[in-house]
Amino acid sequence: MKQEAKVSPLKNFVAGGVGGTCLLLVGHPLDTVKVILQTQPRASALYSGVYDCFCHIVVRQGIAGLYRGMGAPLACVAPMMAISFLSFGLGKRLQQSDPETTLSHSQIFLSGCLAGTFTTVVVAPGERIKCLLQVQSRSGESRYAGPLDCAFKLYKDRGIHGVYRGTVLTLIRDVPSTGLYFLTYEYLKGALTPVGQSVSQLSTPNILLAGGAAGILNWTVALPPDVLKSNFQTAADGRYGGLWDVLRTLLREEGPKGLYKGFSAVLLRAFPANAACFLGFEVALKALDMAAPRW
Ligand SMILES: *[C@@H]1O[C@H](CO)[C@@H](O)[C@H](O)[C@H]1NC(C)=O
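Numbers given to residues run from 1 along each chain, matching the order in which its sequence is written. In view of the model being predicted, local features appear only for residues whose pLDDT reaches at least 70, and side-chain atom pairs are presented and counted only at 80 or more, with totals across whole chains, interfaces and linings using the full set of residues. Each side-chain value is derived from all of the structure's non-hydrogen atoms; neither hydrogens nor water enter the calculation.

Quick look at the state of the cysteines
- Two cysteine sulfur atoms make up a disulfide if the distance between them is within 2.5 Å. Applying the stated criterion across every chain, the model contains zero disulfides.
- We note that Cys150 lacks a disulfide partner, and the nearest cysteine sulfur, in Cys131, lies 10 Å from it.
- A 1.4 Å probe rolled over the protein chains alone gives each residue an accessible area, and that area as a share of the maximum for its type sets the label: buried under 20%, exposed over 50%, partly exposed in between. On the basis of relative accessible area, Cys150 is assigned to the buried category, the value being 0%.

Some words on helix α2 (residues 50-61)
- Only runs of H or I of at least four residues qualify as helices and only runs of E of at least two qualify as strands under DSSP, and these elements are numbered from the N terminus. Here a helix's expected span is defined as the number of its residues, less one, multiplied by 1.5 Å. Taking 1.5 Å of rise per residue, twelve residues should cover 16 Å, and α2 covers 16 Å from first to last C-alpha, within 8% of that figure.
- Buried within α2 we find Val50, Cys53 and Ile57. The buried side chains of α2 occupy one side of the element, clustering within an arc of 70 degrees when seen end-on. Exposed residues on α2 whose side chains face more than 90 degrees from its buried face are Tyr51 and Val59.
- Check the buried side of α2 and you find it contacts α1 (9-39), α3 (63-66) and α11 (263-291).
- Taken from the residues just after α2, Gly62 is the one with a positive phi, measuring 75 degrees. Here, the arc refers to the directions that run from the helix axis to the C-beta atoms. It only takes one pair of heavy atoms within 4.5 Å for two residues to be counted as in contact.

Here we look at the site of the ligand
- For each residue, the test is whether any non-hydrogen atom lies within 4 Å of the molecule or strand; if one does, the residue is near. Neighbouring the ligand are Arg173, Asp174, Ser177, Tyr181, Gly215, Asn218, Trp219 and Ala222.
- Distance and chemistry together define a polar contact, namely a pair of N or O atoms within 3.5 Å, with one atom able to donate a hydrogen and the other to accept it when in protein, and with adjacent residues in sequence counting only for side-chain atoms on both sides. Measuring from an oxygen atom of the ligand, one finds a side-chain N or O atom of Arg173 at 3.4 Å.
- The side chain of Asn218 places a nitrogen or oxygen atom 2.6 Å from an oxygen atom of the ligand.
- To be clear on the numbers: accessible area is Shrake-Rupley with a 1.4 Å probe, and residue cover counts the displayed protein chains and nothing else. Protein contacts shield 72% of the accessible area of the ligand, which totals 370 Å² for the unbound molecule.
- Elements with a contribution of two residues or more to the shell around the ligand: α8 (167-192) and α9 (204-234).
- Gly is put with the polar residues, along with every residue not named as nonpolar or charged; the nonpolar set is Ala, Val, Leu, Ile, Met, Phe, Trp, Tyr, Cys and Pro, and the charged set is Asp, Glu, Lys and Arg. Within the shell around the ligand, the residues separate by chemical class into three nonpolar, three polar and two charged.

Side note on the packing of aromatic side chains
- Stacked, edge-to-face and tilted are the three classes for Phe, Tyr and Trp ring pairs, Trp counted by its six-membered ring, which pair at centre distances within 6.5 Å; planes under 30 degrees apart are stacked, over 60 edge-to-face, the rest tilted. Enumeration over the complete set of coordinates arrives at four aromatic pairs.
- Note on Phe88 and Phe182: the rings are 4.0 Å apart at their centroids and 15 degrees apart in plane angle, and the pair reads as stacked. One end of the pair, Phe88, is in helix α4 (residues 71-94); the other, Phe182, is in helix α8, with 94 residues separating them in the sequence.
- Classification of Phe88 by relative accessible area gives buried; the value is 10%.
- The exposure class assigned to Phe182 is buried, which follows from its relative accessible area of 15%.

Focus: the packing of α9 against α11
- Between N-to-C directions, angles span 0 to 180 degrees; the directions come from axes that are lines fitted to C-alpha atoms, helices contributing only their stretch in contact. In contact at an axis separation of 9 Å, α9 and α11 are set at 145 degrees when each is read in the N-to-C sense. Between α9 and α11 lies a crossing of right-handed hand. The residues of α11 that touch α9, namely those facing Thr204, Ile207, Leu208, Leu209, Gly211, Gly212, Ala213, Ile216, Trp219, Thr220 and Leu223, are Phe263, Val266, Leu267, Arg269, Ala270, Phe271, Asn274, Ala275 and Phe278.
- Grouping the amino acids of the contact of α9 with α11 by side-chain chemistry returns 14 nonpolar, five polar and one charged. Crossing handedness: left-handed means the near helix sits turned counterclockwise from the far one by under a right angle, and right-handed means the same turn made clockwise.

Some remarks on the nonpolar core
- Judged by nonpolar contacts, the single largest core of 13 residues is most densely connected at Trp219, Leu223, Leu228, Phe232, Tyr240, Val246 and Leu250.
- Among the secondary structure elements, those contributing two or more residues to this core are α9 and α10 (243-254).
- Top contributing element to this core by residue count: α9, with six residues.
- In this structure, Tyr240 is in contact with Asn231, Phe232, Ala235, Asp245, Val246 and Thr249, ignoring residues within four places of it in sequence.
- Listed in part, the ten residues of the second largest apolar core include Leu30, Val33, Tyr47 and Cys53. For this analysis, a nonpolar core means a set of buried residues of the types Ala, Val, Leu, Ile, Met, Phe, Trp, Tyr and Cys, connected via side-chain atoms within 4.5 Å.

What to know about α10
- Taking 1.5 Å of rise per residue, the twelve residues of α10 would be expected to cover 16 Å, and the 17 Å separating its terminal C-alpha atoms lies within 8% of that figure.
- Listed in full, the buried residues belonging to α10 are Val246, Thr249, Leu250 and Glu254. Take α10 and look down its axis: the buried residues cluster within an arc of 95 degrees, on one side only. Exposed side chains of α10 directed beyond 90 degrees from the buried face belong to Trp244, Arg248 and Arg252.
- Along its buried surface, α10 packs onto α9.
- Where α10 terminates, the next one or two residues include Gly255, which has phi positive at roughly 75 degrees.

Printed below as a string of structure tokens:
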């Protein structure tokens, strides 16, 4: 039996940051396409789908157009990972009498929900800024020079309220979906492990499969509130009377299928982004082990 190596928490964290950055580098272009498709008004829809939107951005603004707004989630990678890791661990710990007991599926789900709740502190403003930057090119004007400029302007105009606009929708989006993500990921890893082996010996393709499938399920639940959130966070001040108004307007103008705008972009993104995250994590961990074997 293979001896299980203990990975130091610090190395784990740094490698996680590298993984998260790789995820953004690979996944952000399709995220930009998603947000633009989600927020284009139906009456004057510019793009017919993912491919069309992608090509238009590249032709008009170059590759940089696809990476607009990435600074905001990039700045959130480290705090978000730390919060997610700690609160997932706390959630598990709160439900066990001793750390060795294995958790039931519903307990893993609840721990994931807790992680989704606490990460909102950084995710909500991160998303607000990211979405504003992603769509601002469409109108041709550039109000914001970048993430920091955007944060300052939002704060100056409306205070902390302006920066945190969309928090409730972020919670509705992230709490159940994060629980589901952790649950599916753990479940699939267990299911893919051959009888008699430990989950830690799972092969890379199987880990990628579990992560990609969990990501897709995650988004299937998260997308309806995500569509509402993108619209709410990028709307002009006073356009909507509140959350219900966003939902009512969307349903009136587009019907229920409007709630799944951007789904193809999310599906296309799930596997490559997840693979990039995993590979970045593994390579960084190896490099750290070589650079500082005794840490
Ligand atoms: C899961 O969905 C949330 C949106 O609720 C998103 O922010 C997150 O990146 C997704 N995670 C994965 C691994 O796909």
